[in-house]
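# A look at the structure
The residues making up each chain are set out below.
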Amino acid sequence: MEILMAEFDVLIDNATIVEGTGRKAYKGSIGVKGDKVAAIGDVKGDARKVVDAKGLTALPGFVDAHSHADWTLLWFPKCESYVMQGVTTFVGGQCGGSPAPLGEHIRVPWLLTDHLPELDPYKFYPKVPYYPLEQVNEWMKEKFGWTLDWETMDGFFKKVDNVGFSMNYVPLVGHGSIRTKVMGLDYKRHSTEEEQAQMRELIAEAMEDGCIGLSTGLDYDPDVFATHEEIIDGVGVLKKYNGVYCPHWRRTGRRRGIASGHVPNEKITALMECVDVHNKTGVRLHFAHLSTGWQIYPTAPDELEEANLRATINMIMKDSKEELDITWDAIPQMTRSGFAVMPYLCSLYAPWLRELGSREAFGKWLKVKDFREEVKDAIRRGKWFIRVAYNPNTNPRWADNIYVLKSKVPGVDGKSIAQVAKEREADAWDTWFEIIAEDPDARGVTGQLTSRDCYLQYYTHPAGMVGLDTAVFDKKWQSKSPPYGFPGINTFSAYPMFYIKYVRDGDLFTVEEAVQKTATMPARVHNLDGRGVLTKGGYADIVLMNMSNLKVLGNEIETRKHPKGVEYVFVNGEAVVEKGKHTGARPGRVLRRKA
């Protein structure tokens with residue numbers, strides 16, 4: 001008996017198709033064979049699986065241009081927080097940190113840090129910045145049942161391939177990880193010529209392993225101690241590989257020892273330092289989480305802040321000759337809980353929460369004036385770092401950036417600490433303490449509502465695109481130790497929010513333009529041929545969204561909810577999300593650099 005083979009594995013029928021090629025959206029069908037788009041447009045033929053996409057919009061799978069998902073991938077291989085919102089590919093290894101190369105001492109993996117106060121108790125910071133690999137692996141075996149059994153990027157790629165995961169991973173190698181392997185614990189200095197030669201060899205090895213570029217973390221140990229010349233030397237290796245340089249630039253300076261009177265970095269100088277690296281090496285430059293070049297106090301009106309960002313973009317783009325020479329990603333700030341949640345108003349006081357053992361005990365002690373002064377003094381002297389935007393040592397308007405979400409204290413919900421202090425005619429810092437003392441479980445959030453029109457240039461400029469600066473998680477994860485944090489709403493809903501706010505309910509972008517910002521441009525910048533577009537012969541990374549029913553279900557109190565309206569997600573031709581539910585499939589790949 002003759003067996004007839006189906007022409008397609010999947011036929012997506014009756015969709016509104018947005019290719020990402022510049023072509024206007026149109027009605028049509030997509031035939032998928034294996035991991036590729038075999039036909040698109042007016043498609044007829046038999047298929048093993050037919051998806052009736054009437055009422056759905058077919059888009060290229062979203063590509064997160066800036067991710068730390070490689071640090072959580074082995075814990076959450078189903079990548080629920082990403083794929084359930086339509087992200088099919090992430091660019092990892094950011095901010096100078098990649099999972100390899102591993103040396104004698106390493107940074108503690110992210111999810112193990114939650115156990116560190118128990119494993120090696122500390123108050124302010126861990127006793128050492130990097131622990132012996134042997135010790136880390138003992139702890140990993142104890143807490144998770146597995147170890148870091150690789151040394152190189154190639155070894156890590158094989159590890160994740162063996163585990164299997166639900167989306168694509170585009171690897172950068174982190175300069176900080178390389179610097180740690182070469183210099184160990186003796187990194188608070190300039191490197192020698194011999195050490196720089198070792199770094200060059202390790203960068204080349206990572207590129208040969210399949211990395212697509214190099215990141216730096218110039219605000220973090222150990223890269224903060226690297227000279228400009230060392231960075232130029234390392235980035236220069238990328239030229240022969242057509243690599244991409246992705247710097248976390250010197251935006252704040254080292255995030256340790258920030259005492260009262262600290263003078264922050266000149267941000268525009270830091271940005272232009274990266275442009276100089278591009279000019280001297282000829283390597284493509286992609287800025288991580290771009291922000292304005294000048295800090296303005298008090299908060300500037302839209303007209304002034306728009307000029308600030310416009311001047312910043314003009315300066316960094318001045319030496320760009322080709323379309324993709326200099327680009328950037330920016331974090332969508334559509335809520336105040338975008339990146340990570342500070343669930344409690346007291347969460348920023350983690351050292352004292354660790355010391356006292358509970359929020360209730362901390363609140364009780366805050367009623368004691370001497371204790372309050374001890375806490376203030378420790379922060380003023382830089383013993384504990386609070387992020388720049390809401391640090392009393394670095395931002396005169398810090399209290400504008402901390403909000404009370406939900407509290408038993410009457411009349412404070414929805415207000416900033418600054419607003420409450422003004423109403424009470426009291427000191428802002430003491431007001432913060434008093435709310436915690438009265439309600440240690442008061443919920444809070446940090447950050448500004450920065451979805452102001454003046455910031456839309458990040459995305460409307462041809463060189464800008466979306467990058468989340470997050471990782472992968474499931475809906476349950478929360479830190480068990482202070483600060484008790486959990487992922488922000490962007491981790492679960494950023495891309496649907498972007499399409500709701502700027503396409504469906506707004507007029508900033510057409511759907512075709514939005515696809516460029518969320519899929520096509522990130523793929524082009526990072527040399528991902530066949531990704532970020534829906535074309536015949538391209539990879540079948542496809543999102544089917546019900547635009548009219550698209551809805552974000554998370555909020556600032558509980559971010560960990562998957563959005564509604566992302567009906568199907570295909571990764572390399574296989575359905576990972578079907579009818580709004582994860583299928584359990586793990587067809588993801590490490591997208592290694594093509595020789």
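Preceding block: the structure.
In this report, we go over the structure that sits alongside the text. (Residues numbered from 1 in each chain as written. Predicted model: local features only at pLDDT ≥ 70, side-chain atom pairs only at ≥ 80, totals over all residues. Heavy atoms only, no water.)

### Considering the environment of His-461
- With respect to the helices and strands, His-461 occurs in the loop between α16 (457-460) and β19 (464-466).
- Residue His-461 is classed as partly exposed on the basis of its relative accessible area of 24%.
- Sequence-distant contacts of His-461, defined by excluding residues within four places in its chain, comprise Ile-313, Met-317, Trp-328 and Lys-517. (Helix = DSSP H or I, 4+ residues; strand = E, 2+ residues; numbered from the N terminus. Buried < 20%, exposed > 50% of the residue type's maximum accessible area, 1.4 Å probe, protein only. Contact = heavy atoms within 4.5 Å.)

### A word on the nonpolar core
- Residues Phe-287 and Tyr-499 are the most contacted members of the largest nonpolar core, which totals 116 residues.
- Tallying contributions element by element places helix α17 (residues 490-504) first for this core, with eight residues.
- Residues in contact with Phe-287, not counting those within four places in the same chain, are Pro-247, Trp-249, Leu-271, Cys-274, Val-275, Ile-316, Ile-326, Thr-327, Trp-328 and Asp-329.
- Listed in part, the 37 residues of the second largest apolar core include Leu-348, Trp-429, Trp-432 and Ala-437. (Core = buried A, V, L, I, M, F, W, Y, C linked by side-chain atoms within 4.5 Å.)

### Details of the layout of surface pockets
- Estimates place the volume of the second largest pocket at around 310 Å³.
- Lining the second largest pocket are 16 residues, with Asn-527, Leu-528, Arg-592, Arg-593 and Lys-594 sitting closest to its centre.
- When its residues are assigned to classes, the lining of the second largest pocket shows six nonpolar, three polar and seven charged. (1 Å grid on protein atoms, 1.4 Å probe; cavity = no way out; pocket = protein on both sides within 12 Å on 5 of 7 lines; lining within 4 Å. Points joined across faces, edges and corners; volume = space filled by probe spheres on them. Nonpolar A, V, L, I, M, F, W, Y, C, P; charged D, E, K, R; others polar.)

### Observations regarding unusual backbone geometry
- Cis peptide bonds are those with omega within 30 degrees of zero, and the linkage from Asp-221 to Pro-222 qualifies with 0°.
- Here Pro-222 shows up in the loop between β12 (213-217) and α8 (228-235).
- Following Pro-482, the chain continues to Pro-483 via a peptide bond in cis, the omega torsion being 15°.
- Its location among the elements puts Pro-483 in the loop between β19 and β20 (486-487).
- Unlike most non-glycine residues, Asn-14 shows phi in positive territory, near 65°.
- Within the secondary structure layout, Asn-14 lies in strand β1 (residues 8-17).
- Overall, Asn-14 belongs to the partly exposed group, its relative accessible area being 41%.
- You will see that Lys-579, though not glycine, has its phi angle at about 50°, which is positive.
- Along the chain, Lys-579 falls in the loop between β23 (574-578) and β24 (581-582).

### With respect to the packing of helix α7 (residues 193-209) against α8
- Running from N to C, α7 and α8 cross one another at 35°; their axes reach a closest spacing of 9 Å. Where α7 crosses over α8, the two elements pack in a sense that is right-handed. Residues Gln-196, Met-199, Arg-200 and Ile-203 of α7 lie in contact with α8, whose contacting residues are Glu-230, Asp-233 and Gly-234. (Axes fitted to C-alpha atoms, helices over the stretch in contact; angles between N-to-C directions. Left-handed = near helix turned anticlockwise from the far one by under 90°.)

### Examining the sheet that holds strand β15 (residues 326-330)
- Spatial strand order, β11-β12-β13-β14-β15-β19: six strands in an open sheet with parallel pairing. Two strands lie at the open edges of the sheet, namely β11 (173-174) and β19, each paired on one side alone.
- Taken together, the five bridges between β12 and strand β13 (residues 244-248) define a ladder with parallel strand orientation. Paired with Gly-213 across the two strands is Val-244, which belongs to β13.
- Where helix α10 (residues 302-317) meets the sheet, its contacts fall on β14 (284-287) and β15, and the angle it forms with β15 comes to roughly 145°. (Pairing = 2+ DSSP bridges.)

### Details of the pairing of strand β22 (residues 566-571)
- The element β22 is extensively covered by neighbouring structure, given that five of its six residues are classed as buried.
- As paired elements, strand β21 (residues 542-545) and β22 share four bridges and run antiparallel to each other. Following the sheet pairing, Met-545 is matched in β22 by Val-566.
- Where β22 meets β23, four bridges bridge the pair, whose relative direction is antiparallel. In the strand pairing of β23, Val-569 is matched with Val-577.
- Hairpin connection between β22 and β23: a loop of two residues separates the two successive antiparallel strands, and Asn-572 in this loop has a positive phi of roughly 50°.

### A look at the side chain of Ser-407
- As for its placement among the helices and strands, Ser-407 is situated in the loop between β17 (402-406) and α14 (417-424).
- A distance of 3.0 Å separates a polar side-chain atom of Ser-407 from the backbone nitrogen of Val-409.
- If near-sequence neighbours (up to four positions away) are discounted, Ser-407 is found in contact with Val-412, Asp-413, Ile-435, Asp-439 and Ala-442. (Polar contact = N/O pair within 3.5 Å; in protein donor to acceptor, adjacent residues only side chain to side chain.)

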